[in-house]
Amino acid sequence: MTMPHHALEITLTRPLTSAELRHAAQAWPLAANHNATRLMALAHAKTDERAAHRLRQRLTTRLPIDVITTHYPDAHGRVLLNVAFPLAAHTALQRNARRAGLTSERFVREALHRALAEHADREADRLDYAVRQLLASTTPAHLLSAVGHALTLPMKGLTP
């Protein structure tokens, strides 16, 4: 049986120096982004979880790894997050998961889903407020025209 390759992205806690990147690349072939804060790697393993685990084991002493994620979503549109918590946080997480009657992984997954839903709600409220403010000083037709025009222009230095 052939093991599939998994594309993994490593997010670092700080940019790497050239020497650090060379040292890490001796342990695992890596591709860095322009400022060496994110790296890409291919790992072969039966599952994406195992691939991320192997990558972390091999590189954790060589890199300031924050998070390892699968680069491509799975069939359900999900990406794997591989996070190494400090011991105190890990202990608290296990305790809280046990109290909730959940596994640690399920507890984190549900907390993340709640946080993302709350963020989406806040963002919707913020946009609703901004649109109402704009409509207070213009007509819906002018606002719609301005939004259409803005969407056709290339994004220059703007981040959502």
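To be clear, the structure that these remarks concern was listed above.
Residues numbered from 1 in each chain as written. Predicted model: local features only at pLDDT ≥ 70, side-chain atom pairs only at ≥ 80, totals over all residues. Heavy atoms only, no water.

Participant: Sorry, what's going on with the sheet that holds strand β4 (residues 65-70) here?
Facilitator: Where strands meet in a sheet, backbone hydrogen bonds hold them as pairs that are either parallel or antiparallel. Read across the sheet, five strands follow the order β2-β3-β1-β4-β5 without closing on themselves; strand pairing throughout is antiparallel. In this open sheet, the two strands that pair with only one neighbour each are β2 (31-32) and β5 (81-83). Sheet analysis places strand β1 (residues 5-12) next to strand β3 (residues 38-44), joined by seven bridges and oriented antiparallel. Residue pairing across strands places E9 opposite M40, the latter belonging to β3. Strands in contact with helix α2 (residues 48-59) are β1, β3, β4 and β5; relative to β4, the strand with the most contacts, it is inclined by about 155°. (Pairing = 2+ DSSP bridges. Helix = DSSP H or I, 4+ residues; strand = E, 2+ residues; numbered from the N terminus. Contact = heavy atoms within 4.5 Å. Axes fitted to C-alpha atoms, helices over the stretch in contact; angles between N-to-C directions.)

Participant: I tried to follow the environment of T37 on my own but got confused; where do I start?
Facilitator: Following the sequence through the fold, T37 ends up in the loop between β2 and β3. Judged by relative accessible area, which is 19%, T37 ranks as buried. Through-space distance from the C-alpha of T37 to that of D66 is 10.0 Å; in sequence the pair is 29 residues apart. For T37, the side chain forms a polar contact with the side chain of N35, separated by 2.7 Å. (Buried < 20%, exposed > 50% of the residue type's maximum accessible area, 1.4 Å probe, protein only. Polar contact = N/O pair within 3.5 Å; in protein donor to acceptor, adjacent residues only side chain to side chain.)

Participant: Teacher, can you tell me more about the pairing of β1 here?
Facilitator: Most of β1 sits inside the fold, with six of its eight residues counted as buried. Sheet topology places β1 next to β4; five bridges connect them, and they run antiparallel. For L12, the partnering residue across the bridge sits in β4 and is I65.

Participant: Can you help me understand the layout of surface pockets in this one?
Facilitator: The rolling of a water-molecule-sized probe over the atoms marks out the regions of remaining empty space. What the largest pocket holds in volume is close to 1000 Å³. Residue lining of the largest pocket: 25 residues in total, with L80, L81, N82, E105 and R109 positioned closest to the centre. Looking at the lining of the largest pocket, the elements with two or more residues in it are α2, β5, α3 (87-100) and α4 (104-135). In terms of residue class, the lining of the largest pocket is made up of eleven nonpolar, seven polar and seven charged. (1 Å grid on protein atoms, 1.4 Å probe; cavity = no way out; pocket = protein on both sides within 12 Å on 5 of 7 lines; lining within 4 Å. Points joined across faces, edges and corners; volume = space filled by probe spheres on them. Nonpolar A, V, L, I, M, F, W, Y, C, P; charged D, E, K, R; others polar.)

Participant: Explain the pattern of salt bridges to me, please; I cannot follow it from the model alone.
Facilitator: One side chain can pair with another of opposite charge once the charged atoms of both are near each other. Going through the model one piece at a time under the given rule, you end up with six salt bridges. Taking the shortest distance from any N to any O, the salt bridge between E20 and R14 comes out at 2.6 Å. Its relative accessible area of 36% is what places R14 among the partly exposed residues. (Salt bridge = Lys/Arg side-chain N within 4 Å of Asp/Glu carboxyl O.)

Participant: Even after reading the chapter, I still don't get the side chain of D48, so can you show me in this structure?
Facilitator: Tracing the backbone through its elements, the reader meets D48 in helix α2. One buried charged residue, D48, forms no salt bridge at all, with the nearest opposite charge on R78 at 8.4 Å. In this structure, D48 is in contact with H6, T70 and L80, ignoring residues within four places of it in sequence. (Lys, Arg positive; Asp, Glu negative; His and termini not counted.)

Participant: Explain unusual backbone geometry here, please?
Facilitator: Backbone phi values are negative for most residues with the exception of glycine, while trans is the configuration of most peptide bonds. One non-glycine residue with positive phi stands out, namely A36, at about 55°. Looking at the secondary structure, you find A36 in the loop between β2 and β3. For A36, a relative accessible area of 10% translates into the label buried.

Participant: Where do I start with the environment of H90 in this structure?
Facilitator: Within the secondary structure, H90 sits in helix α3. Linking H90 and Q133, residues 43 residues apart in sequence, is a C-alpha distance of 44 Å.

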